[in-house]
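Observations on chain architecture
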Amino acid sequence: MPASDLQSVAVLGATGSIGTSALDVIARHPGRLRASVLAAGRNVDALLALCRTHRPDHAAIADPDGHAALRDGLAAAGLPTRAHAGMDAITDLAAGNACQTVVAAIVGAAGLDSTLAAARAGKRLLLANKESLVLAGELLVAAARDGGACIVPVDSEHNAIFQCLDGRGSANHAEDVRRIVLTASGGPFRGRSREQLADVTPAQAIAHPKWSMGPKISVDSATLMNKGLEVIEAHHLFDMPGARIDVLVHPQSLVHSLVEFIDGSTLAQLGLPDMRTALAVGFGWPRRMESGVGGLDLLTHGRLEFEAPDTAAFPCLRLAFEALEAGGTAPATLNAANEVAVSSFLQGRIGFLSIPALVEDTLAALPAAPASSLDALREADARARDRATQLATRLTAP
Ligand SMILES: NC(=O)C1=CN([C@@H]2O[C@H](COP(=O)(O)OP(=O)(O)OC[C@H]3O[C@@H](n4cnc5c(N)ncnc54)[C@H](OP(=O)(O)O)[C@@H]3O)[C@@H](O)[C@H]2O)C=CC1
Ligand SMILES: CC(=O)[C@@H](O)[C@H](O)COP(=O)(O)O
Ligand SMILES: [Mn+2]
């Protein structure tokens, strides 16, 4: 196969759940895919282990203090991989010649700069980092359009919708589509009342019933904030107003989302809950690639059930719809407050019910302003983090 057919891939967030799944798919296609850049946050040992297996040209650690350990570890392993450190280095690698494709799988707003850089540089962008779309969706979609990037959403629901729309993204489908329906598993606490959520622990919250994921998104699934973030994500990716985006709880997580068209047709994408399918769609689109995921045997799986989300017990979904409706800086505020709240909960500093309370308080304290620039959004993000941190500290105080 000619060298030009080999797709060089930067996996940002390589040590995480999505990063690991992406590398699994890449390793199945040695003639077509190559991990040329691997990047992580702080975990130098895990990054070094991946470098020994995948032998990338570049490895980058966001934590500047990790540089020496990464460089020395690569040298000790006899690898030619170049060591880099700091977020700017990751952003430069995402935009540079070392990769044609970027898997954006850093968790949280920390992924924004590298995702934006990949979009501006016209990469094939496998977008898992939903927080960057929530924070700066309009800018990111515009950067991809202007830079000639192809965004393939790999969040499972958005990947499903992308497939149902035949890859048309935000273009050319608006008149055909009546509504988008995002499915939600309901998380580990589906069916519980608000009172029954008061004492749940971080360990219970990250035990997702269907998907194996990192801690932050697992807590988001448990509060239904994940679905709220996904509503805003769908708004930007598919140019749909919130009023035409619905959420349906589907505990089996086999129907990944649906699109209803104006002629009464509904298309859905189904498959086992394994992110390698969405990632293979991202690498191969418009062709299909082997992903390592088996087929779906509906006779074995039995019933497919659907129910309405309970926004009284799980108000984060309502808060996200309200932030989308308010527009401007509100989604950035929602996202930042949620990141602080989830981190505080995972550290055992606040209770589960304090997550929506803290987000709601922050949104009320910092009303939406026009999101006229990236700087305005960054400022909204910083202010929301300050406010939410103060509140979390107050809630923690004995
Ligand atoms: N997991 C899933 O199935 C799905 C995830 N997503 C989205 O994908 C993203 C990643 O999720 P997931 O893989 O579960 O998360 P994980 O927590 O498993 O992994 C996070 C990755 O991000 C890296 N990271 C953390 N902070 C930084 C930073 N400041 N700079 C650079 N890298 C950093 C981590 O590195 P280190 O190990 O060194 O800390 C790790 O590689 C999230 O936005 C999530 O919402 C979307 C759909 C499904
Ligand atoms: C795999 C994926 O895309 C996750 O976002 C998943 O959807 C989380 O499950 P919930 O439906 O419980 O939020
Ligand atoms: Mn999802």
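Residues numbered from 1 in each chain as written. Chains lettered and ligands numbered in written order. Predicted model: local features only at pLDDT ≥ 70, side-chain atom pairs only at ≥ 80, totals over all residues. Heavy atoms only, no water.

Describing the sheet that holds strand 5 (residues 101-104)
What counts is decided by this rule: Between any two strands, pairing holds if DSSP finds at least two bridges. To qualify as a helix, a DSSP run of H or I must reach at least 4 residues; to qualify as a strand, a run of E must reach at least 2; elements of each kind are numbered from the N terminus. Angles here are taken between N-to-C directions and fall from 0 to 180 degrees, while the axes themselves are lines fitted to C-alpha atoms, restricted in helices to the stretch in contact.
One open sheet holds the 7 strands; their spatial order is 4-3-2-1-5-6-7, and the pairing between them is parallel. At either end of the open sheet lies a strand with only one pairing partner, and these are strand 4 (82-85) and strand 7 (150-153). Direction aside, the axes of adjacent strands within the sheet are offset by 20° on average. Pairing of strand 1 (residues 7-12) with strand 2 (residues 33-40), which is carried by 6 bridges, proceeds in the parallel orientation.

Looking at the nonpolar core
A general feature of soluble globular proteins is that nonpolar side chains tend to end up buried together. Put simply, the test is: To form a nonpolar core, buried Ala, Val, Leu, Ile, Met, Phe, Trp, Tyr and Cys residues must be joined to one another through side-chain atoms within 4.5 Å. A simple rule labels every residue: compare its accessible area, found with a 1.4 Å probe on the protein chains alone, to the largest value its type can have, and call it buried under 20%, exposed over 50%, or partly exposed in between. Contact between two residues is taken to exist if any of their heavy atoms lie within 4.5 Å; hydrogens are not considered.
Core analysis: the biggest nonpolar cluster contains 90 residues, and Leu12, Val102, Phe189, Phe238, Leu334 and Phe352 have the highest contact counts within it. If near-sequence neighbours (up to four positions away) are discounted, Leu334 is found in contact with Met225, Leu229, Ile232, Leu319, Ala320, Ala323, Val359 and Leu363. Among the nonpolar cores identified, the runner-up in size contains 35 residues, and Ala14, Val25, Cys51 and Leu74 belong to it.

Observations regarding the UniProt feature "binding site: NADPH" (unreviewed entry) in the chain
Inclusion rule: UniProt positions are given in the numbering used here, feature names are shortened, and annotations may be inferred rather than shown by experiment.
Taking the numbering used here, the UniProt-annotated feature "binding site: NADPH" (unreviewed entry) corresponds to Thr15, Gly16, Ser17, Ile18, Gly41, Arg42, Asn43, Asn129, Glu131 and Gly214. By the element assignment, Ile18 lies in helix 1 (residues 17-27). Discounting chain neighbours no more than four positions away, the residues touching Ile18 are Val103, Ala105, Ala128, Met275 and Leu279. Note on Arg42: relative accessible area 65%, which makes it exposed.

Notes on the pairing of strand 7
Worth spelling out the cut-off: With the strands aimed away from the viewer, a crossover counts as right-handed if its path from the first strand over the helix to the second runs clockwise.
Two strands pair when backbone bridges link them, and strand 6 (residues 124-127) and strand 7 are joined in this way by 4 bridges, in the parallel orientation. If you follow Arg124 over to strand 7, its bridge partner there is Cys150. Each parallel crossover has a hand, and the one from strand 6 via helix 6 (residues 130-147) to strand 7 is right-handed.

Regarding the site of ligand 1
Selection rule: In these notes, residues near a molecule or strand are those with any non-hydrogen atom within 4 Å of it. Any pair of nitrogen or oxygen atoms within 3.5 Å is treated as a polar contact; in protein, a donor-acceptor pairing is required on top of that, and neighbouring residues in sequence qualify only through side-chain atoms on both sides. Residue burial considers only the protein chains on display, and all accessible areas are found by Shrake-Rupley using a 1.4 Å probe. Side-chain classes are defined by residue name, with Ala, Val, Leu, Ile, Met, Phe, Trp, Tyr, Cys and Pro counting as nonpolar, Asp, Glu, Lys and Arg as charged, and the others, Gly among them, as polar.
Contacts to ligand 1 come from 26 residues, most closely from Thr15, Ser17, Arg42, Asn43 and Glu131. One of the backbone nitrogen or oxygen atoms of Arg42 is found 2.8 Å away from an oxygen atom of ligand 1. Between ligand 1 and the protein, one listed contact pairs an oxygen atom with a backbone N or O atom of Ala128 at 3.5 Å. For ligand 1, whose accessible area on its own is 890 Å², the fraction buried by protein is 85%. At the level of elements, helix 1, helix 6 and helix 9 (215-223) are the ones that each hand at least two residues to the shell around ligand 1. Taken together, the residues of the shell around ligand 1 break down into 14 nonpolar, 8 polar and 4 charged.

So, the site of ligand 2
As a matter of local geometry, ligand 2 sits amid 15 residues, with Ser156, Glu157, Ser185, His208 and Asn226 nearest to it. Within the side chain of Asn226, one N or O atom sits 2.7 Å away from an oxygen atom of ligand 2. In the model, an oxygen atom of ligand 2 is placed 3.0 Å from a nitrogen or oxygen of the Lys227 side chain. Alone, ligand 2 offers 350 Å² of accessible surface; in the complex the protein occludes 97% of this. Contributions of two or more residues to the shell around ligand 2 are made by helix 7 (156-164), helix 9 and helix 10 (225-238). Looking at which element gives the most residues to the shell around ligand 2, the answer is helix 10, with 3 residues.

Remarks on the UniProt feature "domain: DXP reductoisomerase C-terminal" (unreviewed entry) in the chain
Those places that UniProt annotates as "domain: DXP reductoisomerase C-terminal" (unreviewed entry) correspond, in this numbering, to residues 270-386. Annotated as 57% helix and 1% strand, the span residues 270-386 places its first and last C-alpha atoms 41 Å apart.

Brief notes about the confidence of the model for the chain
Keep this limit in mind: Each residue gets a pLDDT score, which is the predictor's confidence in that residue and runs from 0 to 100.
The share of residues in the chain with pLDDT of 70 or more is 97%, and the mean pLDDT across the chain is 96. Model confidence for the chain, summarised as mean pLDDT per element, is weakest for helix 12 (residues 298-301) at 92 and strongest for strand 3 (residues 58-61) at 99.

Points about the coordination of the manganese ion (ligand 3)
Defined as follows: Metal donors were taken as nitrogen, oxygen and sulfur atoms no farther than 2.8 Å from the ion, or 3.2 Å where the ion is Na, K or Ca. Water is excluded, so coordination may look unfinished.
Only Asp155 (OD), Glu157 (OE) and Glu230 (OE) from the protein coordinate the manganese ion (ligand 3), and they sit 2.0 to 2.2 Å from it. Counting residues between consecutive donors of the manganese ion (ligand 3) along the chain gives the motif D-x1-E-x72-E. Placement of Asp155 in the loop between strand 7 and helix 7 and of Glu230 in helix 10 is noted, with a sequence separation of 75 residues between them. Given the relative accessible area of 7%, Asp155 is considered buried. Under the relative-accessibility criterion, Glu230 is labelled buried at 1%.

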